[in-house]
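Listed here are the chains, written in short residue letters.
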Amino acid sequence: MQTFFNVTMLAASGEGKTTFLSSMDENIRNDLSSNIGLNLSLNPELAARLDQNKERLKASLSKGTITCFDGIQSTADASSYPLEISHKDSDPFLVVSFTDIPGNWITDDSEKVISYLKNSSVIVIPVDASAIMNDLTEQKTNAENLFRVLKPGLEQSSEPRLILFIPTKCETYINNEAASTRLVNKIKMVYKEIFDHITWTSHVKSAIIPIQTLGNCSLMYHKKVKIDNEEVWKPIFSVTQRNQYNPQAIEYPYMYLLSFILEQHYLNRKKGFMGFFRNLFRELNYLKLTNEKLNSQCKSYSQLKVIS
């Protein structure tokens, strides 16, 4: 029997939701599989879609600069990527379904977004580090809009939840401990209302895990561009090494959320009459050990900051 866990990507357009998901290509799935001793697989059609996105990211590194018009563009509809987890030569026992929802839904169709959040065990919030570190005013508005859907999305349930803040485009900001600390503090300040709410919501855990989305690029400046008849500030990056797609620390958000999900699956399977016998005969030990291994490896990444 399969157990399902939902992961919802939640952020305004351009923050890096689709780019982050596209990093879950065959290489990282294989690395995670070998790491935890379990098979991780996607439907071939969905895997091919992620590979196409990854090729677009690689292509953006083929010239001297990267703008918001390069790489992956905003999605018009929700896309789901069910990641199946199984033992070798057996059917999947766990499905972790990642859903990428369009950023404009947060304001244009908030009830639909809230519905997704209510059914999610993990909420991933990508944050454009280049925008937040340069005090772009729209970041405060984005944070306010997120809180309006997050608060009702977390209500009416006492089930454990995880909210992961993933600062993207961090190539310029995690080169040293001081820069990383400034980034984390700025995120805490801009998203203070959300973190305050999480603090007194006992069943919600949270963490900040910065990543380098592409690697081999560096922020130059922000420029106003017109998108959908509206002028917005967008970053311009210089490419430090052309054609070299080299994301960094991309595996840690996946390991952290998988650790959380495996822990919840383990606790749920221990419950009740059948759970007593599963525990007695150590049928669930692999879940506990895998979770502990992932947790230990995540702690080795000094940039990861557990908030609650």
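Calculation notes
Residues numbered from 1 in each chain as written. Predicted model: local features only at pLDDT ≥ 70, side-chain atom pairs only at ≥ 80, totals over all residues. Heavy atoms only, no water. Pairing = 2+ DSSP bridges. Helix = DSSP H or I, 4+ residues; strand = E, 2+ residues; numbered from the N terminus. Contact = heavy atoms within 4.5 Å. Axes fitted to C-alpha atoms, helices over the stretch in contact; angles between N-to-C directions. Salt bridge = Lys/Arg side-chain N within 4 Å of Asp/Glu carboxyl O. Buried < 20%, exposed > 50% of the residue type's maximum accessible area, 1.4 Å probe, protein only. Expected span 1.5 Å × (residues − 1). Arc of directions from axis to C-beta. Phe/Tyr/Trp six-rings, centres within 6.5 Å; stacked < 30°, edge-to-face > 60°.

Student: I would appreciate a short explanation of the sheet that holds strand 2 (residues 39–41) in the present structure.
Tutor: Each strand in a sheet pairs with another by means of backbone hydrogen bonds, the pair being arranged parallel or else antiparallel. Reading across the sheet, the eight strands line up as 2-4-5-1-6-7-8-11 and stay open at both edges, with mixed pairing between neighbours. Of all strands in the sheet, those with a lone pairing partner are strand 2 and strand 11 (305–306), marking the two edges. As paired strands, strand 7 (residues 161–168) and strand 8 (residues 204–208) are joined by five bridges and run parallel to one another. When the bridges of strand 8 are listed, Arg-161 appears paired with Val-204. Packing against the sheet, helix 9 (residues 192–199) makes contact with strand 7 and strand 8, and its axis sits at approximately 140° to strand 8.

Student: Help me understand the pattern of salt bridges, please; the structure alone is not making it clear to me.
Tutor: Oppositely charged side chains may form a pair once their charged atoms are brought near each other. According to the stated counting rule, one finds seven salt bridges in the structure shown. Close ionic contact of Glu-263 with Lys-205 constitutes a salt bridge, the shortest N to O distance being 3.7 Å. A residue pair is termed long-range when its members are at least 10 positions apart, and Glu-263 in helix 10 (residues 251–269) and Lys-205 in strand 8 qualify at 58 residues. For Glu-263, a relative accessible area of 25% corresponds to the partly exposed category. Lys-205 gets classed as partly exposed once you look at its relative accessible area, which sits at 37%.

Student: What's the story with helix 3 (residues 44–60) in this structure? I'm lost.
Tutor: Each full turn of the α-helix corresponds to 3.6 residues, which orients residues three or four apart in the same direction. Counted at 1.5 Å a residue, the expected span for helix 3 with its 17 residues is 24 Å, and the 25 Å between its end C-alpha atoms agrees. Burial in helix 3 covers these residues: Leu-46, Ala-47, Leu-50, Asn-53, Lys-54, Leu-57 and Ser-60. One face of helix 3 carries all of its buried residues, which in axial projection span an arc of 125°. Exposed side of helix 3, more than 90 degrees from the buried face: Pro-44 and Glu-45 are the residues found there. Packing partners of the buried residues in helix 3 comprise helix 1 (17–22), helix 2 (26–36), strand 3 (65–66), strand 4 (79–86) and strand 10 (230–239).

Student: Looking at this model, I keep getting lost on the packing of aromatic side chains. Mind explaining?
Tutor: Each aromatic ring pair is summarised here by two numbers: the centre-to-centre distance and the angle between the ring planes. Summed over all chains, the structure comprises seven aromatic pairs. Between Phe-20 and Tyr-254, the aromatic rings sit 4.7 Å apart at their centres with planes inclined by 10°, giving stacked as the arrangement. Of this pair, Phe-20 sits in helix 1 while Tyr-254 sits in helix 10, and the two are 234 residues apart along the sequence. Assessed through its relative accessible area of 2%, Phe-20 is described here as buried. One aromatic cluster in this structure is built from Phe-20, Phe-98 and Tyr-254.

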